[in-house]
Amino acid sequence: AQSVSQHNHHVILSEAASLELGCNYSYGGTVNLFWYVQYPGQHLQLLLKYFSGDPLVKGIKGFEAEFIKSKFSFNLRKPSVQWSDTAEYFCAVRTSGTYKYIFGTGTRLKVLA
Amino acid sequence: DTGVSQDPRHKITKRGQNVTFRCDPISEHNRLYWYRQTLGQGPEFLTYFQNEAQLEKSRLLSDRFSAERPKGSFSTLEIQRTEQGDSAMYLCASSLVAGEVAFFGQGTRLTVV
């Protein structure tokens with residue numbers, strides 16, 4: 001069965017530090033990839049998505065992610081985090097032949113001011 | 001607010017009671033999803049509608065769970081004979097095209113006592 005792994009469950013960074021959150025999926029076919037963010041008390045919101053083309057995708061608020069097909073990975077990066085980036089981040093995959101989005105367990109990011 | 005709307009936001013019920021939740025998707029979105037999220041986990045897929053047709057259903061959805069979308073607009077999720085293990089956040093999402101970005105509501109938090 002398809003699955004999504006997020007290896008970092010909790011990350012604590014100081015402001016201006018660089019961020020990289022890992023996401024790996026298990027599926028050999030065509031995938032659509034997403035990163036969602038959930039700020040405290042708010043609903044899930046899309047950060048960025050990859051469907052095809054340039055494997056380096058840019059999202060909102062300075063986030064980017066790189067799709068590496070050979071590694072089945074879609075890691076999220078930000079060069080310099082801000083206190084307002086404190087949130088939970090979810091990687092999600094949709095595989096061909098299904099309508100559902102499969103989510104990872106999430107990474108809680110805390111940015112210290 | 002023209003986002004996905006869910007009602008109620010919170011529900012506390014006694015074990016064995018039936019509960020029903022409502023989801024109003026973004027108006028032009030004909031795809032609708034139900035997810036369940038428990039503490040420390042990512043959203044788990046429950047079911048998917050395209051217009052009024054229920055096209056995909058998770059094995060997680062036991063026979064106590066039923067979802068409808070009678071006119072292809074709002075949807076309801078009913079849980080019969082609730083159990084303590086049903087306590088979770090129930091999320092609804094909608095999208096314009098299958099596999100494209102899903103927009104999430106704020107969820108209904110169910111507590112079964």
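Here is a short report on the structure shown in this document. (Residues numbered from 1 in each chain as written. Chains lettered and ligands numbered in written order. Predicted model: local features only at pLDDT ≥ 70, side-chain atom pairs only at ≥ 80, totals over all residues. Heavy atoms only, no water.)

### Some words on the nonpolar core
Thought 1: Core analysis: the biggest nonpolar cluster contains 29 residues, and Leu33(A), Trp35(A), Leu47(A), Leu48(A), Phe74(A), Leu76(A) and Tyr89(A) have the highest contact counts within it.
Thought 2: With residues up to four places along the chain from it excluded, the contact list for Phe74(A) reads Cys23(A), Leu33(A), Phe34(A), Trp35(A), Leu48(A), Tyr50(A), Val57(A), Ala65(A), Glu66(A) and Phe67(A).
Thought 3: Residues Val4(B), Val19(B), Ile26(B) and Cys92(B) belong to the second largest nonpolar core, which totals 19 residues. (Core = buried A, V, L, I, M, F, W, Y, C linked by side-chain atoms within 4.5 Å. Buried < 20%, exposed > 50% of the residue type's maximum accessible area, 1.4 Å probe, protein only. Contact = heavy atoms within 4.5 Å.)

### What to know about the state of the cysteines
Residues and elements named next belong to chain A.
Thought 1: Inspection of every chain in the model, using the stated rule, returns 2 disulfides over all chains.
Thought 2: Each sulfur in the disulfide pair Cys-23 and Cys-91 lies 1.9 Å from the other. Here the S-S torsion is close to -65°, and the disulfide linking Cys-23 with Cys-91 is therefore left-handed. Residue Cys-23 is located in the loop between β3 (19-21) and β4 (24-26), and its partner Cys-91 is located in strand β10 (residues 87-95); the two are separated by 68 residues in the primary sequence. (Disulfide = S-S within 2.5 Å. Helix = DSSP H or I, 4+ residues; strand = E, 2+ residues; numbered from the N terminus.)

### Thoughts on the interface of chain B and chain A
Thought 1: Each partner contributes to the interface: chain B provides 22 residues, whereas chain A provides 20 residues.
Thought 2: Taken together, both faces of the contact between chain B and chain A bury some 1,700 Å²; the carbon and sulfur share is 58%.
Thought 3: Our count for the chain B to chain A interface comes out at 0 salt bridges.
Thought 4: Across the contact surface, chain B and chain A share 4 residue pairs in polar contact (both at pLDDT 80 or more).
Thought 5: Of all the secondary-structure elements, those providing two or more residues to the side of chain B that touches chain A are β4 (31-37), β5 (44-50), β6 (53-57) and β9 (88-95) of chain B. (Buried area = accessible area lost by both parts, 1.4 Å probe. Salt bridge = Lys/Arg side-chain N within 4 Å of Asp/Glu carboxyl O. Polar contact = N/O pair within 3.5 Å; in protein donor to acceptor, adjacent residues only side chain to side chain.)

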